[in-house]
Amino acid sequence: MPGSNSDDSPKDKDIEREIRKNRKFSIVEAIGQIAGGDFMKGGSPVSRKRQAELVVEEYLRRHLVDSGGVLRIVMLRRLGESLINADYEQPLAALAEYIPGVLASEHLLEELVRDADAEWGRVQDERPYFQGPGRAPHPDDPYTIGSVRLTLSQLREALASGEK
C-alpha cells in the first residue's frame, strides 16, 4: 500500500485497512501517501527566500514610520532583488546594506521616493505628488525626499542599535 511502511505488523495493517474502509477517497490524501510520511519532515513549505522576506517585512512593520502606508511595500519590492544574492540566514543584513546605499545616492533616493509616490497614488486612487529635483515638495505629499531620507536614517539607526 502506498505510504505504508514495509515493517508494519499484520495487526497495524489490519487497523489501517479498517480505518480506510469507511473513508472517502481524497486526492490530497493520495498525494500524501505517495510522498510518504517523511515528505516535509524537518523542512518548511516556505522557501528560505520567502522566510527572509517575511523577517524583513516584520522588521519594517515594527520599525518603519510610514504615514502613507506604502513605503514598506516599495522597499520590500526593491529588497526582494537584494535578498536573492544575500545570506538568507541574516536577512536584516541585506536591509542594513540597502539603506546606506540609498542614502548615499541622491538618484536612488529620488527613485525610491518616486516609486513610493506612484504606489501611494495607486493605493489611494489619487494623483500622486511627485517632487521634482531641486523643487519644493507639495504640502500634501506623504513621500518627499527629505521625509524618506529621515525615515531611512531612523531605520538605519534602529538596525545599528540591534533593535529587534
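In the block above lies the structure referred to throughout.
Computed from a prediction, not measured in an experiment: that's the story for all the values here.

Moving on to helix H3 (residues 48-63). With 16 residues, H3 should cover 22 Å at 1.5 Å per step; its first-to-last C-alpha distance of 23 Å lies within 8% of that length. Along H3, the residues that are buried comprise Ala52, Glu53, Val56, Glu57, Tyr59, Leu60 and His63. Within H3, the buried residues cover an arc of 165 degrees as seen down the axis, which keeps them to one side. Capping the start of H3 is the job of one residue whose side-chain oxygen sits 3.0 Å from the backbone nitrogen of arginine 50: serine 47.

Here glutamate 110 shows up in helix H6 (residues 106-124). For the pair glutamate 110 and glycine 132, spaced 22 residues apart in sequence, the C-alpha separation works out to 8.7 Å. The residues touching glutamate 110, leaving out its near neighbours within four places in the chain, are Pro133 and Ile145.

Our next topic: the packing of H6 against helix H7 (residues 145-160). As a packed pair, H6 and H7 sit with axes 10 Å apart at the nearest point and diverge in direction by 105 degrees. Taken together, the axes of H6 and H7 are roughly perpendicular relative to one another. Taking contact as the criterion, the partners of Glu106, Leu109, Glu110, Leu112 and Val113 in H6 are, on H7, Ile145, Val148, Arg149 and Leu152. In terms of residue class, the contact of H6 with H7 is made up of six nonpolar, no polar and three charged.

Attention now goes to the environment of serine 153. For serine 153, the location among the structural elements is in helix H7. Judged by relative accessible area, serine 153 falls into the buried class, the value being 16%.

One finds Met75, Leu95, Ile99, Leu112 and Leu152 to be the most contacted residues of the largest nonpolar core, which totals 29 residues. Counting residues per element, the ones that place at least two in this core are H3, helix H4 (71-84), helix H5 (91-104), H6 and H7. Once residues lying within four places of it in the same chain are set aside, the contact partners of leucine 112 are Leu71, Val74, Met75, Arg78, Tyr98, Val102, Val148 and Leu152.

Attention now goes to the packing of H3 against H5. Where H3 contacts H5, the two axes come as close as 8 Å, and the packing angle between them is 60 degrees. The angle between H3 and H5 places the two elements in the oblique class. The hand of the H3/H5 crossing is right-handed. Contacts between H3 and H5 involve Ala52, Val55, Val56, Tyr59 and Leu60 from the former and Pro91, Leu92 and Leu95 from the latter. Residues belonging to the contact of H3 with H5 are distributed by class as follows: eight nonpolar, no polar and no charged.

Next up on the list: the packing of aromatic side chains. All told, the structure shown has one aromatic pair when counted by the stated rule. Ring geometry for tryptophan 120 versus tyrosine 129: centroids 6.0 Å apart, planes at 35 degrees, classification tilted. The buried category is assigned to tryptophan 120, whose relative accessible area is 9%. Positioned over the ring face of phenylalanine 130 is arginine 114, at 4.1 Å from the centre of the ring.

Conventions used here
- Residues numbered from 1 in each chain as written.
- Predicted model: local features only at pLDDT ≥ 70, side-chain atom pairs only at ≥ 80, totals over all residues.
- Heavy atoms only, no water.
- Helix = DSSP H or I, 4+ residues; strand = E, 2+ residues; numbered from the N terminus.
- Expected span 1.5 Å × (residues − 1).
- Buried < 20%, exposed > 50% of the residue type's maximum accessible area, 1.4 Å probe, protein only.
- Arc of directions from axis to C-beta.
- Polar contact = N/O pair within 3.5 Å; in protein donor to acceptor, adjacent residues only side chain to side chain.
- Contact = heavy atoms within 4.5 Å.
- Axes fitted to C-alpha atoms, helices over the stretch in contact; angles between N-to-C directions.
- Parallel < 35°, antiparallel > 145°, perpendicular 65-115°, else oblique.
- Nonpolar A, V, L, I, M, F, W, Y, C, P; charged D, E, K, R; others polar.
- Core = buried A, V, L, I, M, F, W, Y, C linked by side-chain atoms within 4.5 Å.
- Left-handed = near helix turned anticlockwise from the far one by under 90°.
- Phe/Tyr/Trp six-rings, centres within 6.5 Å; stacked < 30°, edge-to-face > 60°.
- Lys NZ or Arg CZ within 6 Å of the ring centre and 35° of its normal.

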